[in-house]
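Spelled out, the chains give:
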Number of protein chains: 2
Amino acid sequence: MFMQSPPVERLLESLRRLPGVGRKSAERYALHLLTLPPEISEEFSAALIAARRAIGWCPLCKNLTDIMPCAICQDPKRDCTTICVVERPTAVLAIEKGGGYRGLYHVLHGVINPLEGIGPEALQIDTLIERVQKNDVKEVIIATNTTAEGEVTALYLAKRMAEFGIQATRIAHGVPMGGGLEYADDVTLLRALEGRLPL
Amino acid sequence: MFMQSPPVERLLESLRRLPGVGRKSAERYALHLLTLPPEISEEFSAALIAARRAIGWCPLCKNLTDIMPCAICQDPKRDCTTICVVERPTAVLAIEKGGGYRGLYHVLHGVINPLEGIGPEALQIDTLIERVQKNDVKEVIIATNTTAEGEVTALYLAKRMAEFGIQATRIAHGVPMGGGLEYADDVTLLRALEGRLPL
């Protein structure tokens, strides 16, 4: 059958690389793409190439951007003394959606993971250190994820920032707003208790 | 932000055309594609074009295929006197997975839908009639979906087949195998009762 032909297998392999897409979804997407009029699948292909070429890394914060430096780094209204360090561009999008944060960002593009051979030199840590040395940065907020690797990276960054006399802080972890205590997991509850603040 | 830039918007629009993909999933896919190394997104793009070019419609059954005529139409072991008519190539894949059907197929590429201006002439019905006239076809099994449009198309096809003295049959509708009666909807139950067979 045509689904096993090499060109279709190649397309399925590409589709399976998308986050959360397994064999079944890839097949569904492939069948859809193959039944579309050729000009639409060609437009898809061209759109992907065009977007990939138009978007690069901001030379300062390493976030994805279509202008250099990125809109956030260029914005004179942002507070240049605070840098929020995140793992991935998606985290910047999530924080920006809230709209409450007015500082700058720095995207590490990963976390320290010795088991996978990812050391600090493979991440955008040197560029962060360069930034805090060159500019008048007062606080670095570490917003890596709460995985083991995210925590290790946070501790590593805090140590490095201390070398340059810069205050490193970690975002608060606790019970989500609007979430009942009964729905929070044990670790989150423990963190919420440990991180209690005076009223 | 870069997610609102025209090239990314264009990519999001293409991604949203995939079945079951909304704004959120499209954003997740786009972000992933944009963070991949350029050679991987270029491979994706090339794979899509290559697959689209390699796959065409079988000149006989109108199913998607990488060889002309398709593997099923070419197979000498298939029963050429029986044609199963389906709406889409996905239906052929579904029936072939079962492995029990040994006849040929015919893909309509849609159903009659007067509200959307889709008449019989927009579907692969003329090519089906040509096939049954040219070949020694004894039975046409109509396996369009059980939507209003699918049923209308089935009735239309049965009438046309009668003109050429060919037996048109409809696949059975009833309670799914292994499914309890309590889970079947009213229409399915009614169909199951109407379609009862002597034991």
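What counts, and at which threshold
- Residues numbered from 1 in each chain as written.
- Chains lettered and ligands numbered in written order.
- Predicted model: local features only at pLDDT ≥ 70, side-chain atom pairs only at ≥ 80, totals over all residues.
- Heavy atoms only, no water.
- Least-squares fit on C-alpha atoms with pLDDT ≥ 70 in both.
- Pairing = 2+ DSSP bridges.
- Helix = DSSP H or I, 4+ residues; strand = E, 2+ residues; numbered from the N terminus.
- Axes fitted to C-alpha atoms, helices over the stretch in contact; angles between N-to-C directions.
- Contact = heavy atoms within 4.5 Å.
- Salt bridge = Lys/Arg side-chain N within 4 Å of Asp/Glu carboxyl O.
- Polar contact = N/O pair within 3.5 Å; in protein donor to acceptor, adjacent residues only side chain to side chain.
- Nonpolar A, V, L, I, M, F, W, Y, C, P; charged D, E, K, R; others polar.
- Parallel < 35°, antiparallel > 145°, perpendicular 65-115°, else oblique.
- Left-handed = near helix turned anticlockwise from the far one by under 90°.
- pLDDT = per-residue confidence, 0-100.

### Overview of the relation of the copies chain A and chain B
So, step 1. Overlaying chain A on chain B yields an RMSD of 0.1 Å, the required transformation being a rotation through 180° with an accompanying axial translation of 0.0 Å. Expressed as a symmetry operation, the mapping of one chain copy onto the other fits a two-fold axis. For chain A, the smallest separation between a C-alpha atom and the rotation axis is recorded for Ser45 of chain A, amounting to 2.3 Å.

### Things to note about the sheet that holds strand E3 (residues 79-86) of chain A
Residue and element names in this part refer to chain A.
So, step 1. In space, the four strands of this open sheet follow the order E4-E3-E5-E6, with parallel pairing throughout. Whereas interior strands pair on both sides, the edge strands pair on one side only; in this sheet they are strand E4 (103-107) and strand E6 (167-170). For this sheet, the mean angle separating the axes of adjacent strands, direction not counted, is 25°.
So, step 2. Contacts from helix H6 (residues 126-134) reach E3, E4 and strand E5 (139-142) within the one sheet, and its direction differs from that of E4 by about 150°.
So, step 3. This element, helix H7 (residues 148-163), spans E3, E5 and E6 of the sheet and lies at about 160° to E6.

### Some thoughts on the interface of chain A and chain B
So, step 1. Between chain A and chain B, the contact holds 50 residues from the first and 50 residues from the second.
So, step 2. Our count for the chain A to chain B interface comes out at four salt bridges.
So, step 3. Where Glu42 of chain A meets Arg53 of chain B, a salt bridge forms, and the shortest distance between an N and an O atom there is 3.7 Å.
So, step 4. Scanning the region where chain A abuts chain B turns up 10 residue pairs in polar contact (both at pLDDT 80 or more).
So, step 5. Broken down by secondary-structure element, the contributors of at least two residues to the side of chain A that touches chain B are helix H1 (6-16), helix H2 (23-35), helix H3 (38-54), strand E2 (64-65) and helix H5 (89-98) of chain A.
So, step 6. The element best represented in the side of chain A that touches chain B is H3 of chain A, accounting for 16 residues.
So, step 7. Here the residues of the side of chain A that touches chain B are counted per class, giving 32 nonpolar, nine polar and nine charged.

### Section: the packing of H3 of chain A against helix H3 (residues 38-54) of chain B
So, step 1. Running from N to C, H3 of chain A and H3 of chain B point in directions that differ by 170°, and their axes come no closer than 9 Å. With respect to their mutual orientation, H3 of chain A and H3 of chain B come out roughly antiparallel. Across from Pro38, Ser41, Glu42, Phe44, Ser45, Leu48, Ile49, Arg52 and Arg53 of chain A in H3 of chain A, the residues of H3 of chain B making contact are Pro38, Ser41, Glu42, Phe44, Ser45, Leu48, Ile49, Arg52 and Arg53 of chain B.
So, step 2. Tallied by class, residues from the contact of H3 of chain A with H3 of chain B come to eight nonpolar, four polar and six charged.

### Things to note about the sheet that holds strand E3 (residues 79-86) of chain B
Residue and element names in this part refer to chain B.
So, step 1. Spatial ordering of the open sheet is given by E4-E3-E5-E6, a layout of four strands whose pairing is parallel. Of all strands in the sheet, those bounded by a partner on one side alone are strand E4 (103-107) and strand E6 (167-170). Across the sheet, the mean angle from the axis of one strand to that of its neighbour is 25°, orientation sign disregarded.
So, step 2. As judged from the five bridges shared by E3 and E4, these two strands associate in the parallel manner. Across the sheet, Val86 pairs through a bridge with Val107, a residue of E4.

### Here's the deal with the packing of H1 of chain A against H3 of chain B
When two helices pack together, you describe them by how their axes are tilted relative to each other and by the distance separating the axes.
So, step 1. Relative to each other, H1 of chain A and H3 of chain B sit at 145°, their axes nearing to 8 Å. Considering how the two elements wind past one another, H1 of chain A and H3 of chain B form a crossing that is left-handed. Along its contact with H1 of chain A, which presents Pro7, Val8, Arg10, Leu11, Ser14 and Leu15 of chain A, the element H3 of chain B presents Glu43, Phe44, Ala46, Ala47, Leu48, Ala50, Ala51 and Ala54 of chain B.

### Concerning the confidence of the model for chain A
All names here are of chain A.
So, step 1. Predicted confidence across chain A gives a mean pLDDT of 89, with 100% of residues reaching 70 or more.
So, step 2. Summarising per-element confidence for chain A, the mean pLDDT is lowest in helix H8 (residues 186-194) (80) and highest in E4 (95).
So, step 3. The complex prediction reports pTM at 0.71, with the ipTM value standing at 0.72.

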